[in-house]
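# Reading the structure
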Amino acid sequence: KFLCAAGIRPPVDGTGSGKGVVECFQEVYPDIQVETSFGPANLLLGQIKLSQTGDLFFPGDSFYIEQARKEGLIYDTKPLARFIPVIMVQSGNPLGITNVSDLASRDVRLAVADKRVAALGRITPEIFHKSGVDFDELQNIEFTGITSPEIAQMVDMGHIDATIVWRPVASLYPENDIIEIPPDENVIVPLSIAVLKTSENKEAALRFAEFISGPKARMIFERYSYDVDNVDIKTDRSSYK
């Protein structure tokens, strides 16, 4: 069982752009069936902790892997890419938004990810803080979603003016505009996949982790606008016992 953050679903299942990682893996290993479950990172982690089941965990922020490590759930990890947040606005940027501080204007209908359950939500307050904005004082949040795709869709449908979302998610809505956040004002997070100690077939799980961190899968992630440059693809078995 592969528990994967909802924001990473497109490259995993090939949404809208050819084959995804799972389909390509099963072409190479047809005898290994992958059952994928998508959801917010924190909820997936809670599911693993409560059920003590699952083979692979792929959250939208390695923070949650470290949380799982503290719970004694991690057998092996592999770094894959980096998630870079961007500002997503409606086509043509009608409100002239140029930076994060502009998102605090009462004229902007803002969507945010839920900081209690989503990887993106966990870091969004810090991004605002870096631009001198107190997230807890914002008066213009009109929608809070539990996943990155959910808030991006709100902008795409015209219900919301702007949001902060992962670049790969924003790239799925090309009719809208993307505004980059300067690196010193942003919070860029590493993405890693974990093989869980609860796995009943660690050999198969390790094969999948090797594949998803390999060259073919990296090409798929690049196709979906993930940052795979300067990522050291190596095995971390510091938690082996």
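About the criteria used
Residues numbered from 1 in each chain as written. Predicted model: local features only at pLDDT ≥ 70, side-chain atom pairs only at ≥ 80, totals over all residues. Heavy atoms only, no water. Pairing = 2+ DSSP bridges. Helix = DSSP H or I, 4+ residues; strand = E, 2+ residues; numbered from the N terminus. Axes fitted to C-alpha atoms, helices over the stretch in contact; angles between N-to-C directions. Contact = heavy atoms within 4.5 Å. Salt bridge = Lys/Arg side-chain N within 4 Å of Asp/Glu carboxyl O. Buried < 20%, exposed > 50% of the residue type's maximum accessible area, 1.4 Å probe, protein only. Parallel < 35°, antiparallel > 145°, perpendicular 65-115°, else oblique. Left-handed = near helix turned anticlockwise from the far one by under 90°. Nonpolar A, V, L, I, M, F, W, Y, C, P; charged D, E, K, R; others polar.

With that settled, the discussion passes to the sheet that holds strand β10 (residues 189-196). Sheet architecture is open: five strands sit in the order β2-β1-β3-β10-β4, paired in mixed fashion. Both outer strands of the open sheet, β2 (36-39) and β4 (74-83), are each paired with one neighbouring strand and no more. Going from strand to strand, the sheet's axes swing by 15° on average, the running direction of each strand aside. The strands touched by helix α8 (residues 202-212) within the sheet are β1 (2-5), β3 (56-58), β4 and β10, with β10 carrying the most contacts at an inclination of about 160°.

For the structure shown, the criterion picks out twelve salt bridges. Here Glu-27 makes a salt bridge to Lys-19, at a shortest N to O gap of 2.6 Å. Here Lys-19 falls in the partly exposed class, since its relative accessible area comes to 38%. Residues Glu-66 and Arg-69 are paired through a salt bridge, measuring 3.2 Å at the closest nitrogen-oxygen approach.

Right, let's talk about the packing of helix α2 (residues 21-28) against helix α9 (residues 215-223) for a bit. Any two packed helices are characterised by how steeply their axes cross, that is the angle between the axes, and by the distance between the axes. At a minimum axis separation of 10 Å, α2 and α9 run at an interaxial angle of 160°. In this view, α2 runs roughly antiparallel relative to α9, as classed from their interaxial angle. Remark: the crossing between α2 and α9 carries right-handed chirality. Only Lys-216, Ala-217, Ile-220 and Phe-221 of α9 make contact with α2, whose side of the interface consists of Val-21, Cys-24 and Glu-27.

Put simply, helix α3 (residues 41-51) and helix α4 (residues 62-70) touch, their axes get as near as 10 Å, and they point 20° apart. As far as their axial angle goes, α4 and α3 are roughly parallel. Relative to α4, the crossing made by α3 is right-handed. Contacts between α3 and α4 involve Ala-41, Asn-42 and Leu-45 on the former and, on the latter, Tyr-64, Gln-67 and Ala-68. Class assignment of the residues belonging to the contact of α3 with α4 gives a composition of four nonpolar, two polar and no charged.

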